[in-house]
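# Remarks on the overall topology
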Amino acid sequence: MLRNFLKPVYAHCDLPCGIYETDTMTHATATCAKMVEKILSYGEIDSTEKNNNFIRAIQIKEEHAQKVKDQLYILWSDYFKPEHLEKFPDLHTIFWQTVKQASAVKQHVSEEECQKLTVMVEKIAAMFADSKK
Amino acid sequence: MFFLRRVVGASMEPSLYEKDLVFAVRKKPKVGDIVIANVNDREVVKRVTKIGSPALYTLLGDNEQASTDSRSFGAVPYSSLIGVVIKTFKAK
């Protein structure tokens, strides 16, 4: 409780430098798709080794889906500013839907959900690049 | 003079994690010390990796992959340093 009243010191990487990028979320999305491909390829789990890899693939997928969400939150809350809404009026909706899609990828083992997320993340990367012009 | 601060962020992992507390005192840092510095009106916590001339301190995060440090904001003068961390209190 007391901790929250203490002045913070930042061990951040998104602030105060103002360096933002979309590569991390793009790579994390690709990792999710790759993990789903692996999970679906295992078939019957009939050995300890296979079980180990299966569990690791699930864990990696969920970690990377969460990474996508974290990266989206940083970009949404820290990078994009009210003035960007003039250029991208549906910005909030796009981010909200993409975060929800990342949750769907985290929750399910679905190539279709991964594909949807890939398209949405690409759209946000394009929007980010466009905002810098 | 001493300072107690709460860590926010992951750039000093595995030495410091989010919500850890750091206790710092005002003294001259040496290479290897973790310090609190004022950079662009924000207090950051980093490690001193080099002391150049004239008294310019290179600060890096232990977690290089997730750290904004002297690689982007350059070495900082002694006047930017607030204190040297002498004790940490782990959140977990």
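Look up a bit, the structure's there.
Residues numbered from 1 in each chain as written. Chains lettered and ligands numbered in written order. Predicted model: local features only at pLDDT ≥ 70, side-chain atom pairs only at ≥ 80, totals over all residues. Heavy atoms only, no water.

### A look at unusual backbone geometry
All names here are of chain B. With an omega of 5 degrees, the peptide bond between Glu13 and Pro14 qualifies as cis. Examined against the element boundaries, Pro14 turns out to sit in the loop between strand S1 (2–8) and strand S2 (21–25). With omega at 0 degrees, the peptide bond leading from Ser53 into Pro54 counts as cis. On the secondary structure map, Pro54 appears in the loop between strand S4 (42–52) and strand S5 (56–60). Phi is positive for Lys19, close to 80 degrees, though the residue is something other than glycine. Tracing the chain through its elements places Lys19 in the loop between S1 and S2. The residue Ala55 is not glycine, and still its phi comes out positive at about 55 degrees. Summarising the element assignment, Ala55 is placed in the loop between S4 and S5. Given the relative accessible area of 38%, Ala55 is considered partly exposed. (Helix = DSSP H or I, 4+ residues; strand = E, 2+ residues; numbered from the N terminus. Buried < 20%, exposed > 50% of the residue type's maximum accessible area, 1.4 Å probe, protein only.)

### Section: the packing of aromatic side chains
Throughout the structure, instances matching the rule amount to eight aromatic pairs over all chains. Pairing Tyr79 of chain A with Phe128 of chain A gives two aromatic rings, centres 4.8 Å apart and planes at 65 degrees, and the pair type is edge-to-face. Placement of the pair is Tyr79 of chain A in helix H2 (residues 48–79) and Phe128 of chain A in helix H5 (residues 111–131), with a sequence separation of 49 residues. Judged by relative accessible area, Phe128 of chain A falls into the buried class, the value being 6%. Counting every residue linked through ring pairs, the aromatic cluster contains Trp76, Tyr79, Phe80, Phe88, Phe95 and Phe128 of chain A. Directly above the aromatic system of Tyr78 of chain B lies the positively charged group of Lys28 of chain B, at a separation of 5.5 Å from the ring centroid. One residue, Arg42 of chain B, lies across the ring of Tyr10 of chain A, its end atom 4.1 Å from the ring centre. (Phe/Tyr/Trp six-rings, centres within 6.5 Å; stacked < 30°, edge-to-face > 60°. Lys NZ or Arg CZ within 6 Å of the ring centre and 35° of its normal.)

### A few points about the nonpolar core
Residue and element names in this part refer to chain A. Counting 24 residues, the largest nonpolar core has Val68, Leu72, Leu75, Phe80, Phe95, Ile124 and Met127 as the members making the most contacts within it. Elements supplying a minimum of two residues to this core: helix H1 (23–41), H2, helix H4 (91–107) and H5. What Phe80 contacts, discounting residues up to four positions off in sequence, is Leu75, Phe88, Leu91, Phe95, Met127, Phe128 and Ser131. (Core = buried A, V, L, I, M, F, W, Y, C linked by side-chain atoms within 4.5 Å. Contact = heavy atoms within 4.5 Å.)

### Side note on the interface of chain A and chain B
Between chain A and chain B, the residue contacts involve 14 residues of the former and 28 residues of the latter. Across the chain A/chain B interface, buried area totals approximately 1800 Å², and carbon plus sulfur atoms make up 61% of it. In this structure, the connection of chain A to chain B is made through one salt bridge. Residues Lys7 of chain A and Glu43 of chain B are paired through a salt bridge, measuring 3.0 Å at the closest nitrogen-oxygen approach. Tallied by class, residues from the side of chain A that touches chain B come to ten nonpolar, two polar and two charged. (Buried area = accessible area lost by both parts, 1.4 Å probe. Salt bridge = Lys/Arg side-chain N within 4 Å of Asp/Glu carboxyl O. Nonpolar A, V, L, I, M, F, W, Y, C, P; charged D, E, K, R; others polar.)

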